[in-house]
Amino acid sequence: MENTEIFQNKVDNLLSKLKRCYPSDYDGLLLGAFNAAYKAHDGQLRESGEPYFIHPMGVADVLIDLGLDVSTIAASLLHDVVEDTYYTQEMIDAEFGAEIGALVKGVTKLDKIVFKSKEEEQAENFRKMFMAMAKDIRVLLIKLADRLHNMRTISSLSSERRHTLAAETLEIYAPLASRLGLSYLKCELEDLCLMVMHPEVYAQLVKDISLKRAERQDIVDNICRLLKSMLDELGIHGEVSGRPKHFYSIYKKMVAQNRTFDQIYDLTAMRVVVETVSDCYEIMGKIHTVWKPIPGRFKDYIAVPKPNNYQSLHTTVMTNYGTPFEIQIRTYEMHKVAEYGIAAHWKYKEKRAESNDLDKKLGWLREVMDMQGEMANPKEFLDSLKIDLYSGQVFVFTPKGDVIILPEGSTPIDFAYTVHSNVGNHCVSAKINSKIVPLATKLKMGDYIEIITASNSKGPSRDWLKLVKTTTARAKIRAFFKKEMKEENIKTGKDMLEAEAKRKGYSLSQLFQPKWLDAVMARLSLTSVDDLYSAVGYGGITTNQVLFKLIDCQKKEEAKDAPPKLEGVQINNRGDNSVIIKGSTGLLVKLARCCAPVPGDEIIGFISRGRGAVVHRQSCSNVKGMEPERLIEAEWANQTQGVIANLKIVAEDKGGLIAKIAGIFSDQKLSIESMNARLDKQHLANIAVSVRVNKTSELEFLFKKLQQMPEVIGVSRT
């Protein structure tokens, strides 16, 4: 009853919020989307046992606070219906229109595609998400809100799943939020990850910061008053506040600088928000005359904004209290962007100048999508994305004095391709600060770069792919080899494949069977063998991406006539062992995996080609399709060492369930070989058990005992 009341309160609160924030659209689109999602998810539960609809409501709530438009809010309420309910994509499109349908489709996972590994699935999901983002950035905003609510409600998951989710969030989603300028969302995601991955550290930080807050509050208040008096003295209108740094940033500093909490002094950042850019520089000058700035800690992000369009002046000064304080100075407009990032385009769009065009703010995203078109391997795309998200930055200058922002570790080649494709393709050498340097030289903050080009240059070297840091440069180099040198690429790729196949003990002609090759090319989105050779030649795909699949096809072809893989005891037909095959001696016998017979079952043998006899239960469905002339009578011997029986138990998920089940096996003196359990969407426990038994009567008695448990819904052999 209590949970029902909590759920209803959340429903009422969200409806009130929707009506308050979107009064003109509430009765139509929003209420329609709300009711459709509510009905579709009716009866579904989360891992915590709460109604599933709490999750889409939580996602919508985050996006309402970000000020997103009506279509995004509607799509957030519907974002899981295609994946988890009877709704189809076509139904969404027809009922709510193409715009909302596209947003829902962009967020929906790729559950219907079979992947070779969890890593490949994750990589392809991210690539799909970025392709949808290229059309509409709101897809990522929904996905970020989805991840934030999942992290807020992560406690009901198993420890392993919590850590997996937190690691992925810290690796991808928090940096993406940062790249979009969503500061508060990024900070909360990082703190939630810290709480999951290092709970002891998080708890200690909460305790330490709480104790230190009281003793620092007076200092913070006094510095705020001093900063306010400086504004008054200069006649500048503005606001001053102290903002505590979030837990993860403190933790990172402790790890990076190998310090204890007591050795971290800048726990609070002072913020000054004023009306104009000139006011920012004027108050900065005043601060530096009152307090001594710490060298190397001044950053001007107004003149040179971060890639996410963040602008502010940062300085760290030594105050009269003997502790350093970081002070951030920005305009009100900059403050909106700093807090809401790309979402400020919607939240404050009625007040924003036309020049602040949304597309301009998403230049990095276009570069990501240019890059992904050159990558057939989704994992390679994800690895490159991580480089873009994680790298620190260096600011370097062109000969005209323009600032270019590049990832740490970039080379003059990266710089050249950032300026223009032709500059990169015809680059022959470079000067850094007027001195000629090797093209592999790492750029440093403030370097002045000049690229020397030659019109007769043959183009980039393949070795450059190992030197460059930016995905833009890598994509443009590959594009050059793909378009300009196709004939050479075809020859190079073919030679590379032949050499690698030979090294693995195969010939290329042996592996290039049409049906196998067609499957490989379809997977890599290629249309001809020449395109395959060319892609290998210019580095778009690796030789192993092609050969591993072809070798796998050949092995499957060779194994086609081999008997199915079997498990059980490896025995022969002598009377002192488990199975007697009538009319034969010295024959190798195995128990079939498909029906897993145990002593007491009526059995029959199947003579396989060159591999002995396979014993099935007579009732096994596979026996009906076997060649009659190869079936042979079989029976259990008097003595047995026991065999494995596989059981499936479906039960309600209640406390102590596994212990009770294990107790029944123990009471019957039966040995459990393995046990695995999982929860399905109906929150029922599905338990797979392998147990060693001697005869069917033992199994029958075990079934009876298990079925007497009130929690157990069903027991069956598998």
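A. Focus on the overall build of the protein. Along the protein, the regular secondary structure elements total 30 helices and 20 strands. Burial status across the protein gives 48% buried among its 718 residues. Per element, the accessible surface of the protein, about 36,100 Å² overall, is 51% carbon and sulfur.

B. Spotlight on a nonpolar patch on the surface. A cluster of nonpolar side chains, contributed by Phe397, Val403 and Tyr448, occupies part of the molecular surface with about 220 Å² of accessible area. Mapped onto the fold, Phe397 is located in strand 7 (residues 393-397). We classify Phe397 as partly exposed; its relative accessible area is 32%.

C. A look at the packing of helix 7 (residues 98-107) against helix 9 (residues 138-152). As a packed pair, helix 7 and helix 9 sit with axes 9 Å apart at the nearest point and diverge in direction by 55°. As the angle between them shows, helix 7 and helix 9 are arranged oblique. In the packing of helix 7 onto helix 9, the handedness of the crossing is right-handed. Across from Glu99, Leu103, Gly106 and Val107 in helix 7, the residues of helix 9 making contact are Arg138, Val139, Ile142 and Lys143.

D. Seen up close, the sheet that holds strand 9 (residues 427-432). If you walk across this open sheet you meet the three strands as 10-9-11, and the pairing is antiparallel. Each having just a single partner strand, strand 10 (435-437) and strand 11 (449-453) make up the two edges of the open sheet. For this sheet, the mean angle separating the axes of adjacent strands, direction not counted, is 35°. Alignment of strand 9 against strand 11, held across five bridges, turns out to be antiparallel. Note that in strand 11 the partner of Ser429 across the bridge is Ile452. Across the sheet, helix 20 (residues 412-419) lies against strand 9 and strand 11, angled at about 80° from strand 11, the strand it touches most.

E. Quick peek at the pairing of strand 2 (residues 268-274). Taken across its seven residues, strand 2 has seven buried, putting it largely inside the fold. Both faces of strand 2 are covered, namely the face carrying Thr268, Met270, Val272 and Val274 and the face carrying Ala269, Arg271 and Val273. Here seven bridges tie strand 1 (residues 238-244) to strand 2, and the two strands are oriented antiparallel to one another. By the bridge assignment, Arg243 is partnered in strand 2 with Ala269. Both strand 2 and strand 6 (residues 324-331) contribute to a ladder of six bridges, which runs parallel. Residue pairing in the sheet places Arg271 in a bridge with Gln328 of strand 6.

F. Region of interest: the packing of helix 9 against helix 10 (residues 159-179). The interhelical angle for the contact between helix 9 and helix 10, taken along N-to-C directions, is 140°, at an axis separation of 11 Å. One element, helix 9, and the other, helix 10, form an angle in the oblique class. Seen from above, helix 9 lies across helix 10 with left-handed handedness. Residues Leu140, Lys143, Leu144, Arg147, Asn150 and Met151 of helix 9 form the contact with helix 10, whose participating residues are Leu165, Ala166, Glu168, Thr169, Tyr173, Leu176 and Ala177. When grouped by side-chain class, the residues that make up the contact of helix 9 with helix 10 number eight nonpolar, two polar and three charged.

G. Representation of helix 2 (residues 26-40). For helix 2, built from 15 residues, the straight-helix expectation of 21 Å at 1.5 Å per residue is met to within 8% by its first-to-last C-alpha distance of 20 Å. Gly32 marks the point of greatest bend in helix 2, at about 25°. Within helix 2, the full set of buried residues consists of Tyr26, Leu30, Ala33, Phe34, Ala36, Ala37 and Ala40.

H. Expanded view of the nonpolar core. Counting residues in hydrophobic clusters, the biggest one holds 77 residues, and the most contacted among them are Leu18, Phe34, Leu63, Ile73, Leu78, Met151 and Leu185. Counting 48 residues, the second largest nonpolar core, distinct from the first, contains Ile449, Phe480, Leu524 and Leu547.

I. Just the pairing of strand 9, in detail. By the bridge criterion, three bridges tie strand 9 to strand 10 in an arrangement that is antiparallel. Note that in strand 10 the partner of Lys431 across the bridge is Ile436. Between strand 9 and strand 10, which follow one another and run antiparallel, lie two residues, and Asn433 among them has a positive phi close to 55°.

J. Layout of helix 15 (residues 332-340). Every buried residue of helix 15 is accounted for by Met334, Lys336, Val337, Ala338 and Tyr340. After helix 15 finishes, the residue Gly341 shows a positive phi value of roughly 55°.

K. Layout of the side chain of Arg147. Turning to its location among the elements, Arg147 is positioned in helix 9. Excluding residues within four positions of it along the chain, Arg147 makes contact with Leu165, Glu168, Thr169, Tyr173 and Leu189.

L. Representation of the side chain of Arg46 within the structure. With respect to the helices and strands, the residue Arg46 is situated in the loop between helix 2 and helix 3 (54-65). Put simply, Arg46 is tucked away with no salt bridge, and the nearest opposite charge, on Glu50, sits 4.4 Å away. A polar atom in the side chain of Arg46 sits 2.9 Å from the side chain of Thr153. In this view, Arg46 contacts Pro51, Tyr52, His55, His149, Asn150, Thr153 and His683; residues no more than four positions away in its chain are not counted.

M. Quick look at the pattern of salt bridges. In total, this model carries twelve salt bridges according to the counting rule given. Put simply, Glu168 and Arg147 hold a salt bridge, and the shortest N to O gap is 2.6 Å. Of this pair, Glu168 sits in helix 10 while Arg147 sits in helix 9, and the two are 21 residues apart along the sequence. On the basis of relative accessibility, which here comes to 17%, the residue Glu168 falls in the buried class. Residue classification places Arg147 among the buried positions, given a relative accessible area of 8%. Here Glu711 and Lys660 are joined by a salt bridge, their closest N and O atoms 2.7 Å apart. Within this pair, whereas Glu711 is found in the loop between helix 30 (696-707) and strand 20 (712-717), its partner Lys660 is found in helix 29 (residues 657-667), the two being separated by 51 residues in sequence.

N. Looking closely at the confidence of the model for the protein. Here the protein averages 78 in pLDDT, and 82% of its residues register 70 or above. This model gives residues 562-577 a pLDDT under 50, and the stretch forms 44 contacts once residues within four places in sequence are excluded.

O. Expanded view of unusual backbone geometry. For Asn433, which is not a glycine, the phi torsion comes out positive at approximately 55°. For Ser434, which is not a glycine, the phi torsion comes out positive at approximately 75°.

P. Quick look at the environment of Ile154. Among the secondary structure elements, Ile154 is positioned in the loop between helix 9 and helix 10. Among the residues examined, Ile154 registers a relative accessible area of 5% and is labelled buried. When the C-alpha positions of Ile154 and Val196 are compared, they lie 8.6 Å apart, and in sequence the two are 42 residues distant.

Conventions and cut-offs
- Residues numbered from 1 in each chain as written.
- Predicted model: local features only at pLDDT ≥ 70, side-chain atom pairs only at ≥ 80, totals over all residues.
- Heavy atoms only, no water.
- Helix = DSSP H or I, 4+ residues; strand = E, 2+ residues; numbered from the N terminus.
- Buried < 20%, exposed > 50% of the residue type's maximum accessible area, 1.4 Å probe, protein only.
- Areas by Shrake-Rupley, 256 points an atom, 1.4 Å probe, with all protein chains shown as cover.
- Patch = residues over 30% accessible without salt bridge, like charges linked within 9 Å, V, L, I, M, F, W, Y side chains within 5 Å.
- Salt bridge = Lys/Arg side-chain N within 4 Å of Asp/Glu carboxyl O.
- Axes fitted to C-alpha atoms, helices over the stretch in contact; angles between N-to-C directions.
- Parallel < 35°, antiparallel > 145°, perpendicular 65-115°, else oblique.
- Left-handed = near helix turned anticlockwise from the far one by under 90°.
- Contact = heavy atoms within 4.5 Å.
- Pairing = 2+ DSSP bridges.
- Nonpolar A, V, L, I, M, F, W, Y, C, P; charged D, E, K, R; others polar.
- Expected span 1.5 Å × (residues − 1).
- Bend = angle between axes of the 7 residues up to and from the residue.
- Core = buried A, V, L, I, M, F, W, Y, C linked by side-chain atoms within 4.5 Å.
- Lys, Arg positive; Asp, Glu negative; His and termini not counted.
- Polar contact = N/O pair within 3.5 Å; in protein donor to acceptor, adjacent residues only side chain to side chain.
- pLDDT = per-residue confidence, 0-100.

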